[in-house]
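Structural features, examined
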2 protein chains.
Amino acid sequence: MHWLIGLDWGTSRLRAMLFDGDGAVHEARSRPWGIRHLPQGGFDAALASICDGWPRVPVLAAGMVGSRQGWREVPYVDTPADVDALVAGIVSVRSADGREVGIIPGVRDGIAVDMMRGEETQAIGVLALRPELRGHARLLLPGTHSKWIEVRDGRIVRLATMMTGELYAVLREHSILGAGIAGAGASPAGTDAFDAGVREARDSGSAGVLTRLFSARALVLEGCLAPAAVPDYLSGLLIGEELRAALALGWVNAQTPPLLVGDELLCVRYRRAASVFQLAEPDTVADASAHGLWRIAQAAALVGQSTFARGVY
Amino acid sequence: MHWLIGLDWGTSRLRAMLFDGDGAVHEARSRPWGIRHLPQGGFDAALASICDGWPRVPVLAAGMVGSRQGWREVPYVDTPADVDALVAGIVSVRSADGREVGIIPGVRDGIAVDMMRGEETQAIGVLALRPELRGHARLLLPGTHSKWIEVRDGRIVRLATMMTGELYAVLREHSILGAGIAGAGASPAGTDAFDAGVREARDSGSAGVLTRLFSARALVLEGCLAPAAVPDYLSGLLIGEELRAALALGWVNAQTPPLLVGDELLCVRYRRAASVFQLAEPDTVADASAHGLWRIAQAAALVGQSTFARGVY
């Protein structure tokens, strides 16, 4: 039984997990050291600091750390991609303090011309946790860039990026829609204004939500929407659009909503939006990153087959 | 024959036109004194300065100067709105130097919950210039906020705002799509990258362009789009989406494109996008603001019926 250090190293955060030999997370740490916000000393210093006091065990990393702006550029693996393809694409880098860090490749969808880094590991984690989904599943990983991932026969076959979170942020911070509402943010659980935004997107039909975006301003001018409620309404418009588009593309339907993967705070608004669309309630999977790192480490023989894992995979 | 000073007073610019008694623009001036960028002394000082040396003749203004953040809030006139309704809604304000300034009301579409200030005057100008359009027309006024205006029997009956220009600006300046392309801007006439963006929007079908927005990044990562071409591609995506949505809503069709109203530099890209959609080539009307101000001044009896105007209206 070997222990493992798993890294989820994105653009804005570095998360580190120390796994025991059974694949359980013994300790987790998180720092604001995304690849664009590294401490002095760069990648080496960040790794040494976040692993301080941990045993010298294999290190496996996923995320933007493998991008052109990362520690080492790791070529994408093309769809369809399974665990073995990801393992074959791992590239190692040696840190200043002599650790070998394996970096998991991202996945590229050459047909849709789209790509991801980090989310492929979450998708593998979902399949490890929920093997019944290996046959077919649509995963939705909400975030700055939401990723929609289609899995078939245990392989990632399609992916699509929706810039929902980033659109929300730039419109909230830099457009007329955010004028005069100071620091007001969207409420975590959603509100009536959120639901109204979702309905507006849903009812925009094939024209789409950009024909309704200005309503976030017009309703305020009309006195129908409180300025403080604009962030919730805007969030509803954009999350609603994501679901409207997914329905238009046949990615999901009323009986088979997407499986939500990720932080509960993000997923709760998507579940609320799904209910406005009268979709069946989406299931949610948490901690997919940790499970994906452990599963890939197993397939790479960085760790043994744990008792825990043996039953599951 | 009376002379007239007409003001097109928007958010970012103040344009002043001195009309002679025939409705011809004797002199035009423009300053960066939009209602959010007034010189010291505010509205009074801006008016006195831009009219310096001009005769003391009636002043008629259109645009955001009549908004809540303007000189005097002028209540919107509801659709359907014609020249007489606009004239009836004019509110006057007296300047510090004793000029009476009539401010033309904006128009509100109570069904779509949308509104405009300034564009109603352009629409009236279009009908003055092109009386054959009074029966039915779809006008498209491109800009930060594009306005789509439907005219029927000489009245503004519907309007819709598309935030195309503002979306372009916030995505270009503040999102990942603009990363690493420094000061590169979109080329005035459009390029192959612009056409590619328009096609991507056109082909997004009922799902809409937000499902393809990330392609502006993915194509760069794939080496299929030069970073310097991203502004053109993004502009094509967003202008293409505007046309795609308008087609989906039945606002226009292949035989009847919108009538383009406004600055030639903005209209040229829309004409190019229309050709990618294989629409009939849109007609363009310039100087609609000046013609609208003169037409409304006539209807308000601020000026007489000019020889020029008599034949046209």
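Remember, it's a predicted structure, so these values are computed and weren't measured experimentally. (Residues numbered from 1 in each chain as written. Chains lettered and ligands numbered in written order. Predicted model: local features only at pLDDT ≥ 70, side-chain atom pairs only at ≥ 80, totals over all residues. Heavy atoms only, no water.)

Residues and elements named next belong to chain B. In space, the 3 strands of this open sheet follow the order E5-E8-E9, with mixed pairing throughout. Strand pairing shows two members of the sheet lacking a second neighbour, strand E5 (77-78) and strand E9 (114-116), which therefore form its edges. Both E5 and strand E8 (residues 107-109) contribute to a ladder of 2 bridges, which runs parallel. Its bridge partner lying in E8, Asp78 is registered against Arg108. (Pairing = 2+ DSSP bridges. Helix = DSSP H or I, 4+ residues; strand = E, 2+ residues; numbered from the N terminus.)

As far as domains go, chain A holds domain 1 (4-136 + 288-312) and domain 2 (163-282). Computed from C-alpha coordinates alone, the two centres of domain 1 of chain A and domain 2 of chain A are separated by 31 Å. (Domains from an automatic or database assignment.)

Attention now moves to the nonpolar core. Counting residues in each nonpolar core, the largest one holds 52 residues, and the members touching the most others are A:Leu213 and B:Leu213. Listing elements by their share of this core, those giving two or more residues are helix H4 (164-174), helix H5 (192-202), helix H6 (215-221) and helix H7 (230-248) of chain A together with helix H4 (164-174), helix H5 (192-202), helix H6 (215-221) and helix H7 (230-248) of chain B. Once residues within four sequence positions are removed from consideration, B:Leu213 is found in contact with A:Met163, A:Leu167, B:Leu171, B:Leu177, B:Leu234 and B:Leu237. Among the nonpolar cores identified, the runner-up in size contains 35 residues, and A:Leu60, A:Val107, A:Val151 and A:Trp294 belong to it. (Core = buried A, V, L, I, M, F, W, Y, C linked by side-chain atoms within 4.5 Å. Buried < 20%, exposed > 50% of the residue type's maximum accessible area, 1.4 Å probe, protein only. Contact = heavy atoms within 4.5 Å.)

For the rest of this paragraph, the subject is the sheet that holds strand E4 (residues 59-62) of chain A. Residues and elements named next belong to chain A. Ordered by their spatial adjacency, 6 strands build an open sheet running E3-E2-E1-E4-E7-E6, and the pairing between neighbours is mixed. This sheet does not close on itself; its edge strands, each paired only once, are strand E3 (25-31) and strand E6 (91-94). Within this sheet the neighbouring strands show an average axis-to-axis angle of 20°, counted without direction. Where strand E2 (residues 14-19) meets E3, 6 bridges bridge the pair, whose relative direction is antiparallel. Among the inter-strand pairings, Phe19 is bridged to a residue of E3, identified as Val25. (Axes fitted to C-alpha atoms, helices over the stretch in contact; angles between N-to-C directions.)

Residue and element names in this part refer to chain B. Helix length check: H7 (19 residues) gives 26 Å between terminal C-alpha atoms against 27 Å at 1.5 Å per residue, within 8%. Among the 19 residues in H7, 17 count as buried, and that is most of the element. Of the residues flanking the end of H7, it is Gly250, one or two places downstream, whose phi is positive at about 75°. (Expected span 1.5 Å × (residues − 1).)

With an axial shift of 0.0 Å and an RMSD of 0.0 Å, the rotation relating chain B to chain A amounts to 180°. These values place the two chain copies in the arrangement generated by a two-fold rotation axis. Closest to the rotation axis within chain B is the C-alpha of B:Ser206, separated from it by 2.2 Å. Most of the interface of chain B is mirrored in chain A, where 100% of its interface residues are also at the interface. (Least-squares fit on C-alpha atoms with pLDDT ≥ 70 in both.)

What follows covers the pairing of E2(A). Among the 6 residues in E2(A), 5 count as buried, and that is most of the element. Once strand E1 (residues 4-9) of chain A ends, the chain turns through 4 residues before running back antiparallel as E2(A).

What follows is about the interface of chain B and chain A. The interface of chain B with chain A comprises 37 residues on the first partner and 37 residues on the second. Interface area, chain B with chain A, both sides summed: about 3500 Å², of which 69% is carbon and sulfur. On the chain B side of the contact with chain A, B:Met163, B:Leu210 and B:Phe214 bury the most area, a combined 19% of that side's loss. Linking chain B with chain A are 2 salt bridges, by the criterion used here. Among the salt bridges present, the one from B:Glu222 reaches A:Arg108, with a minimum N-O distance of 3.0 Å. Viewed at the interface, chain A and chain B are joined by 11 residue pairs in polar contact (both at pLDDT 80 or more). Secondary structure elements with two or more residues in the side of chain B that touches chain A: E9, strand E12 (155-162), H4, H6 and H7 of chain B. Considering every element that reaches the side of chain B that touches chain A, the biggest residue donor is H4(B), with 5 residues. (Buried area = accessible area lost by both parts, 1.4 Å probe. Salt bridge = Lys/Arg side-chain N within 4 Å of Asp/Glu carboxyl O. Polar contact = N/O pair within 3.5 Å; in protein donor to acceptor, adjacent residues only side chain to side chain.)

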